[in-house]
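# Residue-level structure breakdown
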Amino acid sequence: MPDTALSDIKVLDLTHHVAGPYCTKLLADYGAEVIKVEPPGRGDPARNVGPFYRDEPHPDKSGLFLHLNTNKLGITLNLKTPEGVRIFKELLENVDVVVENFAPRVMPGFGLSYEELAKVNPWVIMTSISNFGQTGPYRDFVATEITLYAMECHMAQTGLLDREPIYLGGAISQYLAGNTAALATMAGIMGARLQGEGQQIDVSIVESWLGTGAGIASLTKYIYSGLLEKRASGTGRILPALDGFVHFVAAGAGAGPPPQREWSRLVKLLDMPELLDDERFATFAARSENVGELLNLVRPWLTERTKFEITRLSQAERVFAAPLLTVDEVVNDPHNVARGFFEEVDHPATGPLRYPGAPAKMTETPRPPARPAPMLGQHNDEMYSGRLGYSKIDLVRLREAGII
Amino acid sequence: MSRLPLEGFRVIDGGDVLAGPYGCTLLGDLGAEVIRVESIQRGARWRGQLRTPATRPASISPANWTYPDGIPGERPYNREPKYNGSNRNKMGITLNLAHPRGIDLFKQLVAVSDVIIENFAAGVYEKLGLGYEVLSGINPGIVVVSMPLLGNTGPYRAHRGMGTDLDALSGHISLRGYSDGDPTKVQPHYHSDSVSGMTAAFAALAALNYRRRTGKGQFIDISEGETFLPHLGEAFMDYTMNGRVGRPMGNAHPTMAPHGCYRCQGEDSWVTIAVPNDQAWARFRHAIGDPGWAAEDRFADAVSRRNNQAELNPLIEEWTIQRSPWEVMRLLQAAKVPAGPVQNAEEILVDPHLKARGFFDLATHKEAGTHLYPRPSWKFNKTPLSIRMLGPVLGEHNSQILGGLLGLSEAEIGELEHQQIIGTEYLAAADQ
């Protein structure tokens, strides 16, 4: 098997649900050895979160869990017991990273604060992901996805002005935190090599959002000028096509090609050369001001064509256009199929299924085919007997005592 | 510990708009030396619309000028807030890559760098004579991250677009929004750009980790359109497992109820509340004063609450509308019920938690004055990160990099300026 980018890195993964597991999934997908530690009996609570394969609730049939935990080894360990903590410290000696996303009081409550971990393994990086961070007055607040999205600055901008703001659904904030934590963790590992010692990395889900490009844009805009981004009466960028909708920017936008070039391409696409002499649309500022009238000219052109046809014709003229896709269309999209983004993973509980893959194609260190998410305690024997030298009798005793 | 984690690595920020440059900013935050390459011929998109005095009347109207106190100044492109904030911790030079001397200097930079991240359209670097074969010939250890909108391969590789196009292509718009499913009511976002940036930075570090073992650099192809797709994983799994195609649910949730956004006292004032299970429901009822309706059978368990949320939500709103969002948060958080206000930028600036966390820092920019800025968002306990410098003014570090790093003489640098291969002010061409 060809070497992978992270094959020399070992991760002890205490994470659960989404934010932590997405961080460790990225590390695992690029070849790190990730040992996922779950409480005996129930395991990671995500095992009980749908959607389930064939709508059958089962700890090995949660689509969320299966997706998030590919390429990880799975063991059980009860950190609420002194013996569990002792065994954890044994595992800790040989790893580079510990990732956890418990509420901030929990790890110190186990006797496993960063200071305690560093006593056992001075090089270890401890990545701690939480809703609001390890410090501060909201540190112990509870949150779900909608809470987190609301408290950073974007929900206030999302939706209609005269109606309630809308959240993004799913677990968007949590995945984001996992994504940024993986980057910080890699840097932490490299820093530990530089300095000869590890450290703790505190990742707050809310601050991860505020620190995105969009977060910085909203915050700095307000700080510099007092202008606040607000909800509007709708968006002029999503427009009806014959068979659905397209993303289509008629007036031009700040991040696209230079406005006049963009405008002449659009005029050519619509085959309306007379618009070039139309005062209402002569400049970017004019088009923005008269966008309603401009859209009235553009809409008929769009509603006569399908979203894929609009995209094809527009892209040929170098006009930005994209179809609004539903999830089935994304999975079956010819581009995603050609790039093999959705990959087949076989799991004993479900058989082969297509999963979202991982996003970077590395030429020297291609990702190997994904291994399925572990069943609860699947690798107990391999880790406890194989690596730590516990006998079969020991494992029976540990199981009976509820340690594993 | 005195050295930042990525100290000693040099990164070329060779991209544009947001995704690539943002990824480079993150590497700069972590201690890498980052050099952003722009040009005086072609406007950097994130520096805003106003380039030369000629463009001003024709560009965005003054009501939307985001410059300090609304004043563009002599060089508005050096006073754009989002540029200055999101290009922190990096140096900036200009090079005309349409000129052979500009290409030559770029190659000299590659020779002494570790990573390049670029997010131009597929094939642009090849056309410039900067394809991976050329760059790795100059520097076998170079890690090249190439991140066009839809990647370097595939039938749509030539497609162009922005972050909001990716929002449409990801399927996310079809999964969120008001429950009537009308996608024209919700502004598309450009979240993919930031996710792509952090993914590019992560992939670059993974490649450096491999290089440490083997000495080899590599070429990494990333499609911006793919980086966000795993963030919708469970929606895709519901399709591949069960053939189900997700739809918007407003602020409702597949299993939790109540779950939503409720009006509070004052204009455009909202709080979000989520009650994850029956135990939380009991605490919620008590926290809001045990009103009679809350004890009714039709709200007794999660399934019933979900089925009756059309009646439940207005009843809750009768309680929230009398209070501020922060008061609701305090009362419900004391009962361990997830509640949080919908906050805008103004409210975030005075958020007591973020203040205590030191999330904002005061910094002075060469041409934009002194303002608060968001700091790098991870907290490393032994090597704290900070804003070491704000986004560079155009060509700010030309002398330092071309002279100091590449060893050009003052005369040579003067000649480059004279030929407009480098510079610090946009030419009229930048408006085209």
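Here the structure is a predicted model, which is why all the values come from computation and not from measurement.

### So, the overall build of chain B
- Across its full length, chain B carries 17 helices and 12 strands.
- Structurally, chain B occupies a C-alpha span of about 85 × 50 × 50 Å along its principal axes.
- When burial is assessed residue by residue, chain B has 57% of its 432 residues classed as buried.

### Examining the domain arrangement of chain A
- Structurally, chain A comprises domain 1 (10-213 + 340-400) and domain 2 (238-325).
- Inter-centroid distance (C-alpha atoms) of domain 1 of chain A to domain 2 of chain A is 44 Å.

### Some points on the interface of chain A and chain B
- Every contact between the two is made by 131 residues of chain A and, on the other side, 140 residues of chain B.
- The biggest single contributor to the side of chain A that touches chain B is helix H7 (residues 172-195) of chain A, with 15 residues.
- Its residues assigned to classes, the side of chain A that touches chain B shows 74 nonpolar, 40 polar and 17 charged.
- As judged from the three bridges shared by strand S12 (residues 360-362) of chain A and strand S6 (residues 218-222) of chain B, these two strands associate in the antiparallel manner. Paired with Met362 of chain A across the strands is Ile220 of chain B, a residue of S6 of chain B.

### Structural notes on the pairing of strand S6 (residues 200-204) of chain A
Residues and elements named next belong to chain A.
- For S6, the tally of buried residues reaches five of five residues, placing the bulk of the element in the interior.
- The side-chain alternation of S6 yields two buried faces, one formed by Gln200, Asp202 and Ser204 and the other by Ile201 and Val203.
- When strand S5 (residues 125-130) meets S6, the two strands line up parallel, connected through five bridges. Paired with Met126 across the strands is Gln200, a residue of S6.

### A short note on the sheet that holds strand S4 (residues 97-100) of chain A
- A sheet is described by the order of its strands in space; here seven strands give the open sequence S3(A)-S2(A)-S1(A)-S4(A)-S5(A)-S6(A)-S12(B), paired in mixed fashion. Looking at which strands have only one partner, the edges of the open sheet turn out to be strand S3 (72-76) of chain A together with strand S12 (378-380) of chain B. Averaged over all pairs of adjacent strands, the angle between strand axes in this sheet comes to 20°, irrespective of strand direction.

### Comments concerning the sheet that holds strand S9 (residues 321-323) of chain A
- Reading across the sheet, the three strands line up as S7-S8-S9 (chain A) and stay open at both edges, with antiparallel pairing between neighbours. Whereas interior strands pair on both sides, the edge strands pair on one side only; in this sheet they are strand S7 (238-241) and S9 of chain A. Neighbour-to-neighbour, the strand axes of the sheet open up by a mean angle of 35°, direction not taken into account.
- Sheet strands in contact with helix H6 (residues 163-170) of chain B are strand S8 (244-248) and S9 of chain A, and its direction is about 15° off that of S9 of chain A.

### A few points about the packing of H7 of chain A against helix H7 (residues 191-214) of chain B
- Running from amino to carboxyl end, H7 of chain A crosses H7 of chain B at an angle of 30°, the nearest separation of the two axes being 9 Å. Judged on the interaxial angle alone, H7 of chain B and H7 of chain A are roughly parallel. For the pair H7 of chain A and H7 of chain B, the sense of crossing is left-handed. Between H7 of chain A and H7 of chain B, the contacting residues are Leu176, Asn179, Thr180, Ala182, Leu183, Met186, Ala187 and Met190 of chain A on the first element and Val195, Met198, Thr199, Ala201, Phe202, Leu205 and Ala206 of chain B on the second.
- Across the contact of H7 of chain A with H7 of chain B, the residue classes tally to 12 nonpolar, three polar and no charged.

### Digging into the nonpolar core
- Among the nonpolar cores identified, the biggest contains 232 residues, and Leu27 of chain A together with Val145, Ala203 and Ala204 of chain B are the most heavily contacted of them.
- For this core, the leading source of residues is H7 of chain A, giving 13 residues.
- Here Leu27 of chain A is in contact with Leu6, Ile9, Val11, Ala32, Val34, Ala182 and Thr185 of chain A, once residues within four sequence places are set aside.
- Listed in part, the seven residues of the second largest apolar core include Tyr77, Val393, Tyr426 and Ala430 of chain B.

### Concerning the domain arrangement of chain B
- When cut into domains, chain B gives domain 1 (10-230 + 357-431) and domain 2 (259-342).
- Between domain 1 of chain B and domain 2 of chain B, the C-alpha centre-to-centre distance is 44 Å.

### Quick look at helix H16 (residues 398-405) of chain B
Residues and elements named next belong to chain B.
- What H16 keeps buried is the set Asn398, Ile401 and Leu402. When H16 is viewed along its axis, its buried side chains cluster within an angular range of 95° and face the same direction. Facing away from the buried side of H16, by more than 90 degrees, are the exposed residues Gln400 and Gly404.
- For H16, the elements touching its buried residues are strand S2 (33-38), strand S3 (91-94), helix H3 (100-111) and helix H17 (410-418).

Thresholds, definitions, all that
Residues numbered from 1 in each chain as written. Chains lettered and ligands numbered in written order. Predicted model: local features only at pLDDT ≥ 70, side-chain atom pairs only at ≥ 80, totals over all residues. Helix = DSSP H or I, 4+ residues; strand = E, 2+ residues; numbered from the N terminus. Buried ≥ 20, exposed ≤ 12 C-beta atoms within 10 Å, placed from the backbone. Domains from an automatic or database assignment. Contact = placed C-beta atoms within 7 Å. Nonpolar A, V, L, I, M, F, W, Y, C, P; charged D, E, K, R; others polar. Pairing = 2+ DSSP bridges. Axes fitted to C-alpha atoms, helices over the stretch in contact; angles between N-to-C directions. Parallel < 35°, antiparallel > 145°, perpendicular 65-115°, else oblique. Left-handed = near helix turned anticlockwise from the far one by under 90°. Core = buried A, V, L, I, M, F, W, Y, C linked by C-beta atoms within 7 Å. Arc of directions from axis to C-beta.

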